[in-house]
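# Architecture at a glance
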Amino acid sequence: MTTLGASWPPLSPGERAVAIEVLVHGPLSRSEIARRLNLSAGSLTRLTKPLIESGLLIESAEDAMLAEARQGRPSQPLDVVPESRYFLGFKITADRVYAVVTTLRSDIVARYDRPLTTHDPAEVAGLLHEMTDEPVRAFPRLAGIGIGVGGSVRDRSTVVESAFLGWKDVPLAKLVEERTGLPTVVENDVAALVEAESWFGAGRGLERFAVLTIGAGLGYGLVVGGRRVASSEDGVGFGRRWIVNPYGPLTPYGDRGSAISLLTIPSIRYQLQAATGREMTYEEILGLAAEGEPMAARVVDEAAQALGTLVAQIANFAMPQKILLAGEGVSLVDVVGPAVKEAILAGRHPQADPVNLETKVSDFHDWARGAAVLAIQVLVLGSAET
């Protein structure tokens with residue numbers, strides 16, 4: 001995997017730790033960095049010197065003056081310049097490609113999307129190439145590309161399998177890199193979202209953090225010790241074998257009572273269509289449930305029970321400090337939030353701490369931002385490993 005940002009040399013482990021601390025939590029004074037990383041003043045000076053010389057870190061003069069005014073002594077906090085590099089993130093769905101450009105701190109500064117009319121890998125790579133034209137012109141310091149795909153990915157470069165695209169062993173990073181000339185990294189879309197939330201979002205600064213996503217499928221990710229737990233099972237169909245109600249409904253795939261069959265948008269729509277003979281959007285179903293229509297209310301209530309059960313089980317076994325519920329299906333909670341809370345309580349010990357549950361309705365541009373964060377990580381870490 002090519003290292004992003006050719007003007008920034010590969011980092012030593014110590015330099016990498018300093019760079020990440022400032023990128024994620026900065027601006028930080030040298031004394032605060034030393035305290036966080038348990039470094040002596042001399043060691044910190046040695047580690048920060050090449051980072052400043054390369055332009056990855058800067059001394060924040062304005063913050064230093066403010067600190068001096070408050071404390072009577074110079075602080076010389078270190079920070080990054082978010083606009084010093086830009087990153088392009090893609091989220092590929094079955095029928096559309098979504099893209100964002102972010103700063104070095106993952107702030108979205110531009111959004112794009114284009115229809116996807118073919119799943120041929122070469123043509124998809126060609127479309128991504130076309131979608132880089134405008135960002136490259138608008139953001140000359142574009143440093144690299146991250147791509148999120150629903151499916152399993154190897155070495156952050158090859159899509160091992162993606163059922164919805166019909167792909168097996170597609171070297172997507174190579175295909176895109178050859179066309180764009182930009183270093184490219186590929187990852188499972190849920191894993192990418194977890195990385196983004198861990199570094200720059202709801203999980204920032206937390207040692208134990210979990211993400212559960214609801215949408216076209218279910219996704220789950222866990223952060224322990226501040227690092228995402230990578231698994232060979234990433235992207236292989238989380239929730240299909242997680243049975244939450246053995247007497248529950250069937251999915252179109254024949255699974256009964258699984259988290260997939262009860263919670264995903266396609267399964268909820270399938271249940272209503274099977275019962276009424278009418279196709280409805282997810283939003284229409286939630287609206288009918290809120291109005292008390294019996295069939296919609298029953299299906300949505302069962303989804304609430306399933307969601308609460310999943311959250312309780314994650315809390316029981318992973319013991320995270322926070323669980324983030326994300327994805328385009330999270331609006332379910334707006335309709336049946338109390339039922340979800342009741343199911344969580346029913347699955348927890350009476351004396352257990354309350355579950356710190358945060359919800360975030362994510363559109364596909366948010367997923368693309370997660371992919372851009374992968375590229376940011378590769379730049380700062382100097383490798384494809386996190």
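Predicted, not measured: the structure shown is a model, and the values here were computed from it.

What counts as what
- Residues numbered from 1 in each chain as written.
- Predicted model: local features only at pLDDT ≥ 70, side-chain atom pairs only at ≥ 80, totals over all residues.
- Heavy atoms only, no water.
- Helix = DSSP H or I, 4+ residues; strand = E, 2+ residues; numbered from the N terminus.
- Contact = heavy atoms within 4.5 Å.
- Areas by Shrake-Rupley, 256 points an atom, 1.4 Å probe, with all protein chains shown as cover.
- Pairing = 2+ DSSP bridges.
- Axes fitted to C-alpha atoms, helices over the stretch in contact; angles between N-to-C directions.
- Core = buried A, V, L, I, M, F, W, Y, C linked by side-chain atoms within 4.5 Å.
- Buried < 20%, exposed > 50% of the residue type's maximum accessible area, 1.4 Å probe, protein only.
- Phe/Tyr/Trp six-rings, centres within 6.5 Å; stacked < 30°, edge-to-face > 60°.
- Lys NZ or Arg CZ within 6 Å of the ring centre and 35° of its normal.
- Parallel < 35°, antiparallel > 145°, perpendicular 65-115°, else oblique.
- Nonpolar A, V, L, I, M, F, W, Y, C, P; charged D, E, K, R; others polar.
- Salt bridge = Lys/Arg side-chain N within 4 Å of Asp/Glu carboxyl O.
- Right-handed = clockwise from strand over helix to strand, strands pointing away.

### Observations regarding the overall build of the chain
Broken down by element type, the chain carries 13 helices and 15 strands. Within the chain, residue pairs in contact and separated by at least 24 positions form 62% of the contacts whose partners lie at least 6 positions apart. Approximately 17400 Å² of the chain is accessible, and the part contributed by carbon and sulfur atoms is 50%.

### A few points about the sheet that holds strand β9 (residues 167–170)
The strand order across the open sheet built from 3 strands is β7-β8-β9, with neighbouring strands paired in antiparallel fashion. The outermost strands of the open sheet, each flanked by one partner alone, are β7 (152–154) and β9. Averaged over all neighbouring strand pairs, the angle between strand axes comes to 20°, with direction disregarded. Two strands pair when backbone bridges link them, and β7 and strand β8 (residues 158–162) are joined in this way by 3 bridges, in the antiparallel orientation. The residue bridging Val153 from the neighbouring strand is Val159, located in β8.

### What to know about unusual backbone geometry
With an omega of 5°, the peptide bond running from Gly26 to Pro27 counts as cis. The topology assignment puts Pro27 in the loop between α1 (13–25) and α2 (30–37). Positive phi outside glycine occurs at Asp155, with the angle close to 55°. Among the structural elements, Asp155 can be located in the loop between β7 and β8. Even without being a glycine, Met319 presents a positive backbone phi close to 50°.

### Description of the nonpolar core
Core analysis: the largest hydrophobic core is formed by 38 residues, its most contacted members being Leu263, Leu307 and Leu332. Those elements giving two or more residues to this core turn out to be β11 (208–214), β12 (218–224), α8 (259–263), α9 (265–276), α10 (282–291), α11 (294–318), β14 (322–327) and α12 (332–346). Among the elements that line this core, the one with the most residues is α11, at 12 residues. Apart from the residues lying within four places of it in its own chain, the contact partners of Leu307 are Leu212, Ile214, Leu263, Leu325, Leu332, Val333 and Val340. Among the nonpolar cores identified, the runner-up in size contains 33 residues, and Leu47, Leu51, Trp199 and Ala375 belong to it.

### Details of the sheet that holds β14
Spatially, the 5 strands line up as an open sheet ordered β13-β12-β11-β14-β15, and their pairing is mixed. With one partner strand each, in any of the chains shown, β13 (227–228) and β15 (357–361) form the two edges of the open sheet. Strand direction decides the pairing type here: β11 and β14, joined by 5 bridges, are parallel. Bridge pairing links Leu212 to Leu325 in β14.

### Overview of the environment of Pro115
Mapped onto the elements of the fold, Pro115 is located in strand β5 (residues 108–115). For the pair formed by Pro115 and Thr93, sequence separation is 22 residues and the distance between their alpha carbons is 9.5 Å. Apart from residues lying up to four places away in sequence, Pro115 is in contact with Asp95, Arg96 and Leu127.

### Quick word on the packing of aromatic side chains
Within this structure, the stated rule accounts for 3 aromatic pairs. The lysine or arginine in question, Lys91, covers the ring of Trp367, its NZ or CZ lying 5.2 Å from the ring centre.

### A few points about the packing of α1 against helix α3 (residues 41–54)
The contact between α1 and α3 brings their axes to 9 Å, and the two run at 75°. Considered as vectors, α1 and α3 are oriented roughly perpendicular to each other. Between α1 and α3, the residues in contact are Gly14, Glu15, Val18 and Ala19 and Leu44, Leu47, Thr48, Pro50 and Leu51, respectively. Of the residues belonging to the contact of α1 with α3, the class tally is 6 nonpolar, 2 polar and 1 charged.

### Observations regarding the pattern of salt bridges
Working definition: two side chains of opposite charge can pair if their charged atoms are close together. Per the counting criterion, the structure on display carries 18 salt bridges. Shared partners join several salt bridges into a network, and the residues in it are Glu21, Glu32, Arg35 and Arg36.

### Details of the side chain of Ser198
Along the chain, Ser198 falls in helix α7 (residues 189–200). Setting aside anything within four residues of it in sequence, one finds Ser198 in contact with Gly203, Arg204, Gly205, Phe209, Val223 and Gly226.

### Some points on the pairing of β11
Within a regular strand, side chains alternate between the sheet's two faces. Among the 7 residues that make up β11, 6 are buried, leaving the element largely enclosed by the rest of the structure. In terms of strand pairing, β11 meets β12 through 7 bridges, oriented antiparallel. Bridge assignment links Leu212 to a residue of β12, and that residue is Tyr220. Taking the residues that link successive antiparallel strands as the turn, the β11-β12 hairpin has 3 residues.

### Some remarks on the pairing of β14
With 6 of 6 residues buried, β14 is to be regarded as a mostly interior element. Residue alternation in β14 divides its side chains into two sets, Lys322, Leu324 and Ala326 and Ile323, Leu325 and Gly327, and both sets are buried. In this structure, β14 lies alongside β15, joined through 5 bridges in parallel fashion. Its bridge partner lying in β15, Leu324 is registered against Glu358. With α12 bridging β14 and its parallel neighbour β15, the resulting β-α-β unit is right-handed.

### What to know about the environment of Ser198
Using a relative accessible area of 8% as the deciding quantity, one classes Ser198 as buried. Once the C-alpha coordinates of Ser198 and Ala210 are considered, the two residues, 12 residues apart in sequence, prove to be 9.2 Å apart.

Purely geometric numbers; function is a separate question.
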